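An overview of the molecular structure
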Amino acid sequence: MAILVQPDTKVLVQGITGGFGGRHARLSLDYGSQIVAGVTPGKGGQSFEKTVPIFDTVRQAVSETGATASAIFVPPPFAADAILEGVDAGLALVVCITEGIPVNDMVKVKRAMEGSKTRLIGPNCPGLVTPGTGKDSTGGCRIGISPGYIHKRGNIGVVSRSGTLTYEAVWQLTCRGVGQSTCVGIGGDPVNGTSHLDALKMFNDDPDTHGVIMIGEIGGSAEEEAAAWIKKHGKKPVAGFIAGATAPPGRRMGHAGAIVSGGKGTAKAKIEALRDAGVGIADTPSVMADTLLKMM
Amino acid sequence: MNIHEYQAKELLAQCGVAVPPGEMCDQPDHAGAMVRKLFDQGHDRVVVKSQIHAGGRGKGTFKSGFKGGVKLCKTAAEAEDNARAMLGQVLVTKQTGPEGRQVNKILIAAAQNIQKEFYLAVLLDRATSRPVVMASTEGGMDIEEVAEKTPEKIVRESVDPAVGLMPYQARKIAVRLGLKGALIGDAAKQILGVYRAFWENDASLVEINPLCVITDRDGKESVAAVDAKVSLDDNALYRHKNIQAMRDINEEAPLEIEASKHDLNYIKLDGNIACLVNGAGLAMATMDIIKHFGGSPANFLDVGGGASKEQVTAAFQIILGDPNVHGILVNIFGGIMQCDVIAAGIVAAVKETGLTLPLVVRLEGNNVEIGKNILQNSGLPIISGGSMADAAEKVVKAVAS
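Residues numbered from 1 in each chain as written. Chains lettered and ligands numbered in written order. Predicted model: local features only at pLDDT ≥ 70, side-chain atom pairs only at ≥ 80, totals over all residues.

Digging into the overall build of chain B
In terms of regular secondary structure, chain B is built from 13 helices and 19 strands. Going through the 401 residues of chain B one by one, you find that 46% of them count as buried. Within chain B, contacts between residues at least 6 apart in sequence are counted, and of these 70% link residues at least 24 apart. (Helix = DSSP H or I, 4+ residues; strand = E, 2+ residues; numbered from the N terminus. Buried ≥ 20, exposed ≤ 12 C-beta atoms within 10 Å, placed from the backbone. Contact = placed C-beta atoms within 7 Å.)

What follows is the structure in structure tokens.
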């Protein structure tokens, strides 16, 4: 079953005519994903690589193709607007890859999205993958920028704030013959649409997910929030890794949300909270998969 | 991005916040005239404040031996002496680290008769994804200490982004701070102005410590921001050209400035094992795993999505600009990038920089075997790492030996 997307989910790409959006639309198509439309205002009527129709608005794209999810590859000054356009069109899922959106824009987006049925993932995230059953897991749904071939269809859910660190965990699992149900990158920004907890709840309810790897980092309290919930309601084994134990306080470590401020958001506190909730802690990123597999 | 106190006060003043009159001074010869101007306006004392992007200035000491980065002065001559003692000198405070910060600018401001000191800040509350206004009667103190010891003394008002901070909320805060009568309205006006400064400038933090009840020569009370610290959201700078102009390169580490020119995200640390990684999470995890095996990371470095030959070379040069570095760990997960392309880039960078330090390279992902072969056949003493743990152990051992 997986969560959020199935192999046949219809996806549109906002920003498909940009270099970055185009490159990853191509890779998603190669992976076997159903990229059914692109949206670039002013370029409606054109097509992407002669196969994917381009529309001026998300509403038009949805109306013509029945797309239910969007991948946003739009530059920071315009990304918040792109998110809200997707929400307005009634999409079930909006995945915003863009890094560099002003925090206040996302504060406004979250406020505007209250009560909406759309789920936002990101921004500043690698996206998500529900692997397929073809060679190198092709035939699945890939939204974003993750390398498709590292995945394998299976029963482990992965949720992470980091991109390449997620690929580490996924690749470790795949190399051990253990596949994934869905891998979700929630992104490195301080204000985002989906938290660890949101994903964990979905994994908890998904019959195809039998265990979860969660990857966190310094900054904020999302991991502690997830830990408190896991302690009470978690039904499946969870292993975790928290990056940034050696990060100096007060500095933004790459990700806008990766900062220890006012003594809060330390790796130590997150690890303690997770341990207390029965989450298996990987001491190094090399043992993320093994830590979970030992618990299963 | 951080800015100086005098710049923060400019932004606050633009939003209607009362700040003590003052001027930025970067030449000791100008100090006297500035002080005389303030005396002419009716003030009888001035304060000379070192401008650096760090707190603890009052209790700091200059490397020259001169004590105190904030000085109260009664005469223009006194102010000039202090300006001379501070400008161009290195001030060490609890927040600068032992190397201190050179003071290139000072703020000469009218000293206030302070009756009460409060703490006021506006920042993002990550738990709610909304701005929050925090205030406390414990002004002048370290707010983290207050939060730990007497959390009940901190007042919080969450802001609904749909309407902004409402006047009634600002009044609530003023009353909780113990203010009465006309000071309630005055404080509320200041608090609303501080919030405006936060929201309109896309700040990540505006901190007024202390926000004071002051009295003028006739004993009339009012509320003013005596100190101010503002940090801006880097992601929003593109839409604030006036704030971009406030950047002070002298406050940034030279290697970090160099790195940003090449689109590399670099933060210098204290250790001796440098790392070069693609992805912020993986880069943090690489620093962590070096420490886990007993080493000490020299930096955080995220080359992002592009590990091109040029960027890898630029990254090596920046890393080698740190004399503490005795070994390098490269950890790249080639997702979309091919490992053979990355390996070729590393070999080229090593040759171009003439690197002789121990170098451990761990590659994973697309074309990893071809990439490893390129490293092996390069003729260079590059050590290949298997897993991240293996690579970290190898570099720690290589540096220790």
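Resuming the write-up.
What to know about the overall build of chain A
Within chain A, the secondary structure is distributed over 9 helices and 14 strands. In terms of overall size, chain A behaves like a compact globule, its C-alpha atoms giving a radius of gyration of 18 Å where 296 residues would be expected to give roughly 19 Å. Counting only C-alpha atoms, chain A reaches 55 × 45 × 30 Å along its principal axes. By the burial criterion, 61% of the 296 residues in chain A qualify as buried. The long-range share in chain A, meaning contacts at least 24 apart out of those at least 6 apart in sequence, stands at 69%. (Rg over C-alpha atoms; globule rule 2.2 N^0.38 Å.)

Considering the interface of chain A and chain B
If you look at the interface, chain A gives 47 residues, while chain B gives 44 residues. Among the elements of the structure, α3 (76-88), α4 (103-113), α5 (164-175) and β12 (211-217) of chain A are those that each provide at least two residues to the side of chain A that touches chain B. Grouping the amino acids of the side of chain A that touches chain B by side-chain chemistry returns 22 nonpolar, 17 polar and 8 charged. (Nonpolar A, V, L, I, M, F, W, Y, C, P; charged D, E, K, R; others polar.)

Structural notes on unusual backbone geometry
A cis amide bond links glycine 122 of chain A to the next residue, proline 123 of chain A, at an omega of 15°. Look at the link from asparagine 209 of chain B to proline 210 of chain B: it is a cis peptide, with omega at 15°. Locating proline 210 of chain B in the fold gives a position in strand β11 (residues 203-215). Backbone geometry at leucine 4 of chain A places phi at a positive 70°, although glycine is not the residue there. You can see leucine 4 of chain A is positioned in the segment before β1 (10-14).

Re helix α12 (residues 368-376) of chain B
Residue and element names in this part refer to chain B. By the burial criterion, the buried members of α12 are Gly371, Lys372, Ile374 and Leu375. Buried residues along α12 cover an arc of 155° about the axis, so they all sit on one side. Along α12, the residues that are exposed and aim more than 90 degrees away from the buried face are Glu369 and Gln376. Turning to α12, the residues buried within the fold contact α11 (339-353), β18 (359-365) and β19 (382-384). (Arc of directions from axis to C-beta.)

Looking at helix α10 (residues 309-320) of chain B
Residue and element names in this part refer to chain B. When the terminal C-alpha atoms of α10 are compared, their 16 Å separation across 12 residues agrees well with the 16 Å that a helix rising 1.5 Å per residue should span. Residues of α10 that are buried: Val312, Ala314, Ala315, Phe316, Ile318 and Ile319. Where α10 is buried, its residues touch α8 (254-261), β14 (265-268), β15 (273-277), β16 (299-302), β17 (327-334) and α11. (Expected span 1.5 Å × (residues − 1).)

What to know about the packing of α10 of chain B against α11 of chain B
All names here are of chain B. Put simply, α10 and α11 touch, their axes get as near as 8 Å, and they point 45° apart. Here α11 runs oblique to α10, going by the angle between their axes. Relative to α11, α10 is oriented so that their crossing is right-handed. Here Lys309, Val312, Thr313, Phe316, Gln317 and Leu320 of α10 lie close against α11, whose contacting residues are Gly345, Ile346, Ala348, Ala349, Glu352 and Thr353. For the contact of α10 with α11, the per-class residue count stands at 6 nonpolar, 4 polar and 2 charged. (Axes fitted to C-alpha atoms, helices over the stretch in contact; angles between N-to-C directions. Parallel < 35°, antiparallel > 145°, perpendicular 65-115°, else oblique. Left-handed = near helix turned anticlockwise from the far one by under 90°.)

Points about the sheet that holds strand β7 (residues 105-110) of chain B
Residue and element names in this part refer to chain B. Strand order in the open sheet formed by 4 strands is β1-β7-β2-β4, and the pairing between neighbours is antiparallel. Two strands lie at the open edges of the sheet, namely β1 (22-25) and β4 (70-73), each paired on one side alone. Averaged over all pairs of adjacent strands, the angle between strand axes in this sheet comes to 20°, irrespective of strand direction. When strand β2 (residues 46-51) meets β4, the two strands line up antiparallel, connected through 4 bridges. (Pairing = 2+ DSSP bridges.)

Points about the confidence of the model for chain B
Scored by pLDDT, chain B comes out at a mean of 93, with 99% of its residues at no less than 70. The complex prediction reports pTM at 0.94, with the ipTM value standing at 0.93. (pLDDT = per-residue confidence, 0-100.)

Here's the deal with the environment of isoleucine 214 of chain B
Residue and element names in this part refer to chain B. Along the polypeptide, isoleucine 214 turns up in strand β11. By the C-beta count within 10 Å, which is 19 here, isoleucine 214 ends up partly exposed. Through-space distance from the C-alpha of isoleucine 214 to that of asparagine 373 is 72 Å; in sequence the pair is 159 residues apart. Filtering out sequence-adjacent residues up to four positions away, isoleucine 214 remains in contact with Gln112, Asn113, Ile114, Gln115, Ser222 and Ala224.

Some details on the sheet that holds strand β5 (residues 90-92) of chain B
Residue and element names in this part refer to chain B. Spatially, β3-β5-β6 is the arrangement adopted by the 3 strands of the open sheet, whose pairing is antiparallel. Where the open sheet ends on each side, the last strands, each with one partner, are β3 (61-62) and β6 (101-102). Sheet topology note: the β3/β5 ladder contains 2 bridges and is antiparallel. Note that in β5 the partner of threonine 61 across the bridge is valine 92.

A look at the nonpolar core
Among the nonpolar cores identified, the biggest contains 156 residues, and Ile72, Ile83 and Val95 of chain A together with Leu301 of chain B are the most heavily contacted of them. The greatest single-element share of this core, amounting to 8 residues, is contributed by helix α9 (residues 280-292) of chain B. Membership of the second largest hydrophobic core comes to 43 residues, among which are Val19, Leu120, Tyr195 and Val230 of chain B. (Core = buried A, V, L, I, M, F, W, Y, C linked by C-beta atoms within 7 Å.)

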